[in-house]
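Next come the chains, spelled out residue by residue.
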Amino acid sequence: MILTNSSGGLYDFRNEFVQALLAQHEVYISMPDDVKEKELAAEGCRIIKTEINRRGINPLEDLKLYRTYSRMMKELKPDLVATYTIKPNIYGGFAAARRRIPYIATITGLGGAFDRTGLLLKLIVTMYKTGLRKAACVFFQNEENRGIFQRLGITAGRTRMVMGSGVNLDRHRYEDYPKGDETHFLFVGRVMKERGILEYVEAAKALHSDRVFFDIMGYCDEDYQDMLDGLERDGIVHQIGFHTEVHPYLSAADAIVVASFHEGMSNALIEGAATGRPVIASNISGCQEAFEEGRTGFGFTPGQGDELIQAMKKFLALSYEERAGMGRKGREKMEKEFDRKLVTAEYMDEVKRILEMRN
């Protein structure tokens, strides 16, 4: 049984794992939406619709989610539960532990939760401890996140490190570098403060011209729509919106920009690099692993718009050949380190270990 808060995220970033499970097992997926329901059902998955308020903090809603997970597990008696993202990890993990069902959890990033202090941080830590204390294995996507969890005593058992979700090198195939006099920077991610949208806008105001363009791909997750609409009317940014098929947009860009304050492992960076595009990224765990300074991209301090501007200026000063070379080197790095087949093998190795112990 897989518990997730997004069918799109599961299908786009973990479908190879789903397919590997389907080759040997019956797979149930608990998810809140129908974005990729047809695709997952066509592969043979059994779909269970489960409402999740991803960002809400209503304790009654969360109690309802826990009870829903618990009822599903009581009815279906799965051999193994796999959870992704915060609420499935916490409430799904707690339900599985109470039902004595082995489970694996994946920490896909910490967000701003661990920037809190005082009672709120203690509450978050306590909830994670409750959800993960009996996990058969907890997967992390960068060493900093694993260190934080271990230091806070959230995880004391078995952990494994994977290179994010990995990247499907066939789906995100290498594309020749775009030619022409124009430069298109592409911001990829949810439009919110923690994703660095304000710094990106600052850079757009400073550097846009009739040859330098600033595109934004992703849905607006916070109250910035009016601001973006005004900037678009002024010709400063161009909004592409949310798309489930991102490859054509990555291919059309000259550089991929990820300005996040927190990441587990940035899918936008590794997909962009796999496509053969240089990257401009925050110097944080979850981004730093995906690029090499001056070789496949440029880094900057998150939250520092002036540093982002300087990184973009470095990129603008490169020749066509230098940009294309960066893109090729980025693709090579993805092939060596981030192939999703390698990540899927890590998960299946853990699944095999757990099921053999159970039997």
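Relevant structure appears above.
Residues numbered from 1 in each chain as written. Predicted model: local features only at pLDDT ≥ 70, side-chain atom pairs only at ≥ 80, totals over all residues. Heavy atoms only, no water.

Draft legend 1. Geometry of helix H8 (residues 225-233). Turning to H8, its buried residues are Leu228, Gly230 and Leu231. Axial view of H8: buried residues confined to an arc of 160°, hence all on one face. Away from its buried face by more than 90 degrees, H8 exposes Asp226 and Arg233. Along its buried surface, H8 packs onto helix H7 (197-207), strand S9 (212-217) and strand S10 (238-241). Of the residues flanking the end of H8, it is Gly235, one or two places downstream, whose phi is positive at about 80°. (Buried < 20%, exposed > 50% of the residue type's maximum accessible area, 1.4 Å probe, protein only. Helix = DSSP H or I, 4+ residues; strand = E, 2+ residues; numbered from the N terminus. Arc of directions from axis to C-beta. Contact = heavy atoms within 4.5 Å.)

Draft legend 2. Main features of the sheet that holds S10. Judged by pairing direction, the sheet is parallel, and its six strands sit side by side in the order S10-S9-S8-S11-S12-S13 without closing on themselves. Each edge of the open sheet is held by one strand with a lone partner, namely S10 and strand S13 (297-300). Put simply, the sheet's adjacent strands are angled 25° from each other on average, direction ignored. Where strand S12 (residues 279-282) meets S13, four bridges bridge the pair, whose relative direction is parallel. Across the sheet, residue Val279 finds its bridge partner in S13, namely Gly297. (Pairing = 2+ DSSP bridges. Axes fitted to C-alpha atoms, helices over the stretch in contact; angles between N-to-C directions.)

Draft legend 3. The sheet that holds strand S6 (residues 137-140), seen in detail. Ordered by their spatial adjacency, seven strands build an open sheet running S3-S2-S1-S4-S5-S6-S7, and the pairing between neighbours is parallel. On the outer flanks of this sheet lie strand S3 (46-49) and strand S7 (159-161), each paired with one strand and no other. Summarising the sheet, strand S1 (residues 2-3) and strand S2 (residues 28-31) pair through two bridges and their orientation is parallel. Pairing of Leu3 across the sheet is with Ser30, part of S2.

Draft legend 4. Broad picture of the nonpolar core. Membership of the largest hydrophobic core comes to 32 residues, with the highest contact counts inside it found for Phe185, Tyr200, Phe214, Ile280 and Met312. When contributions to this core are tallied by element, the ones reaching two or more residues are strand S8 (183-188), H7, S9, H8, strand S11 (255-258), S13, helix H11 (305-316) and helix H12 (320-337). Discounting chain neighbours no more than four positions away, the residues touching Phe185 are Tyr200, Val212, Phe213, Phe214, Asp215, Ala255, Val257, Ile280, Met312, Phe315 and Leu316. In terms of nonpolar packing, the next biggest core, distinct from the first, is built from 29 residues, Ile90, Ile124, Tyr128 and Phe140 among them. (Core = buried A, V, L, I, M, F, W, Y, C linked by side-chain atoms within 4.5 Å.)

Draft legend 5. The arrangement of the pairing of S8 in detail. In terms of burial, S8 is largely enclosed, as five of its six residues are buried. Pairing of S8 with S9, which is carried by six bridges, proceeds in the parallel orientation. The partner of Leu186 across the bridge, within S9, is Asp215. For the handedness criterion, the β-α-β arrangement of S8, H7 and S9 is classed as right-handed. Alignment of S8 against S11, held across three bridges, turns out to be parallel. Across the sheet, Phe185 pairs through a bridge with Ala255, a residue of S11. (Right-handed = clockwise from strand over helix to strand, strands pointing away.)

Draft legend 6. Structural view of the environment of Leu21. Looking at the secondary structure, you find Leu21 in helix H1 (residues 7-22). For Leu21, a relative accessible area of 10% translates into the label buried. Spatially, the C-alpha atoms of Leu21 and Met348 are 7.7 Å apart, while their sequence positions differ by 327 residues. Ignoring sequence-local partners within four residues, the contact set of Leu21 consists of Ile2, Val27, Met348 and Val351.

Draft legend 7. Highlighting the packing of aromatic side chains. Within the structure shown, the criterion is met by 12 aromatic pairs. Measuring from centroid to centroid gives 5.0 Å for Tyr128 and Phe149, while their planes differ by 70°, and the two rings are edge-to-face. Placement of the pair is Tyr128 in helix H5 (residues 118-132) and Phe149 in helix H6 (residues 143-151), with a sequence separation of 21 residues. Using a relative accessible area of 2% as the deciding quantity, one classes Tyr128 as buried. A ring pair is formed by Tyr177 and Tyr320, whose centres lie 5.7 Å apart and whose planes are at 65°; its orientation type is edge-to-face. Taken as a pair, Tyr177 in the loop between S7 and S8 and Tyr320 in helix H12 lie far apart in primary sequence, 143 residues in all. For Tyr177, a relative accessible area of 5% corresponds to the buried category. Chaining the aromatic ring pairs together yields one cluster made of Phe185, Phe187, Tyr200, Phe214 and Phe315. (Phe/Tyr/Trp six-rings, centres within 6.5 Å; stacked < 30°, edge-to-face > 60°.)

Draft legend 8. Broad picture of the environment of Glu307. On the secondary structure map, Glu307 appears in helix H11. Exposure remark for Glu307: the relative accessible area of 35% places this residue in the partly exposed category. Aside from chain neighbours lying at most four places away, what touches Glu307 is Phe300 and Thr301.

Draft legend 9. Quick peek at the pairing of strand S4 (residues 81-84). Alternating residues of S4 divide into Val81 and Thr83 and Ala82 and Tyr84, and every residue in both groups is buried. Across four bridges, the pairing between S4 and strand S5 (residues 103-107) is parallel. Each residue of the ladder has a partner; that of Thr83, found in S5, is Ala105. Remark: the S4/helix H4 (residues 86-98)/S5 crossover connection has right-handed handedness.

Draft legend 10. Region of interest: the packing of H7 against H8. In contact at an axis separation of 12 Å, H7 and H8 are set at 15° when each is read in the N-to-C sense. Classified by the interaxial angle, the pair formed by H7 and H8 is roughly parallel. In this structure, the crossing between H7 and H8 has a hand that is left-handed. Together, Leu198, Val201 and Lys205 of H7 and Met227, Leu228 and Leu231 of H8 make up the contact between the two elements. Looking at the contact of H7 with H8 residue by residue, the class counts come to five nonpolar, no polar and one charged. (Parallel < 35°, antiparallel > 145°, perpendicular 65-115°, else oblique. Left-handed = near helix turned anticlockwise from the far one by under 90°. Nonpolar A, V, L, I, M, F, W, Y, C, P; charged D, E, K, R; others polar.)

Any functional reading would require information that these geometric values do not contain.
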